[in-house]
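# A closer look at the structure
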Amino acid sequence: MKKILLTILTVLFVSLSVLADDKQEALNAFNNYIQLANSYKTEVTTFYTPNAKIIRQVIKPDGTLVNVYTDSSTYVTQLKIGQAGAKLKNYKNNYTNVVVTPLGPGKVKISSVRHPSVDNDSLKAYMVFQKQSNGRWMIVEELMQTRQQIFLKYAK
C-alpha cells in the first residue's frame, strides 16, 4: 500500500513539475514575443505555426462583437506591412492581468488585457502556445480584441 501511495505521489509531483515548467517556458515565449513586437522585429512572425487560428474580435460602435478569422500566412503578411506604420507612430502594446493556464502537457493559454499605446483602451487578448517537437513554444491560436472596423470587411 505504501508503495502504491508513494508511486502516485511521485507521478503527481512529476506531473505538476512538468506543468509548472510548461507555464514558465510559455510565459518566457510570450514575453519574448512582446519584446520583439514592440521593437518591430520581423522575427515576431516566426512565433506562429503555419496552421495557427487567428481571431480578431472587432468591437462595433454599438458594443457588439464580431469574430473575424484569418490564417497564419495572411496574418503574417498583414503584420509585416503594419510594422512600418507602427514604428512611425511608436505604437506598442502593453499587457496586464496576465494569466497563464496549462491546457495539458506542452500546451498553455496566456490571457491578458492589451493596452495599445495610441489610446487608453483595454482590450481582451489570449494566445495559446504549444511546445513543438524541437522544444520551441509557438502560437497555435490567438484572439485580440480591436475597435478597428476595417477588419469587418473580412468577416464571413
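These figures come from a predicted structure and were not determined experimentally.

## Some points on the nonpolar core
One finds Phe30, Tyr33, Tyr48, Ile110, Met127, Phe129 and Ile139 to be the most contacted residues of the largest nonpolar core, which totals 24 residues. Residue assignment for this core shows that the elements contributing at least two residues are helix H1 (2-38), strand E1 (48-59), helix H2 (72-89), strand E3 (93-104), strand E4 (107-116), strand E5 (123-131) and strand E6 (137-146). Broken down by element, this core gets its largest block of residues, 6 residues, from H1. When sequence neighbours within four positions are dropped, the list of residues in contact with Tyr48 reads Tyr33, Ile54, Ser72, Tyr75, Val76, Leu79, Met138, Ile139 and Glu142. Judged by nonpolar contacts, the second largest core, of 5 residues, contains Ile55, Tyr126, Val128 and Val140.

## So, the confidence of the model for the protein
Considering every residue of the protein, the mean pLDDT works out to 87; 87% of them sit at 70 or more. For the stretch residues 11-19, pLDDT sits under 50, and the model shows 3 contacts to residues farther than four places along the chain or on other chains.

## Focus: the sheet that holds E3
Reading across the sheet, the 6 strands line up as E2-E1-E6-E5-E4-E3 and stay open at both edges, with mixed pairing between neighbours. Every other strand in the sheet has two partners, leaving strand E2 (65-70) and E3 as the edge strands with one partner each. For this sheet the average axis-to-axis angle between neighbouring strands, irrespective of direction, equals 20°. With 7 bridges joining them, E5 and E6 adopt antiparallel strand pairing. Residue pairing for E6: Ala125 is matched across the bridge by Met144.

Rules behind the numbers
Residues numbered from 1 in each chain as written. Predicted model: local features only at pLDDT ≥ 70, side-chain atom pairs only at ≥ 80, totals over all residues. Heavy atoms only, no water. Core = buried A, V, L, I, M, F, W, Y, C linked by side-chain atoms within 4.5 Å. Buried < 20%, exposed > 50% of the residue type's maximum accessible area, 1.4 Å probe, protein only. Helix = DSSP H or I, 4+ residues; strand = E, 2+ residues; numbered from the N terminus. Contact = heavy atoms within 4.5 Å. pLDDT = per-residue confidence, 0-100. Pairing = 2+ DSSP bridges. Axes fitted to C-alpha atoms, helices over the stretch in contact; angles between N-to-C directions.

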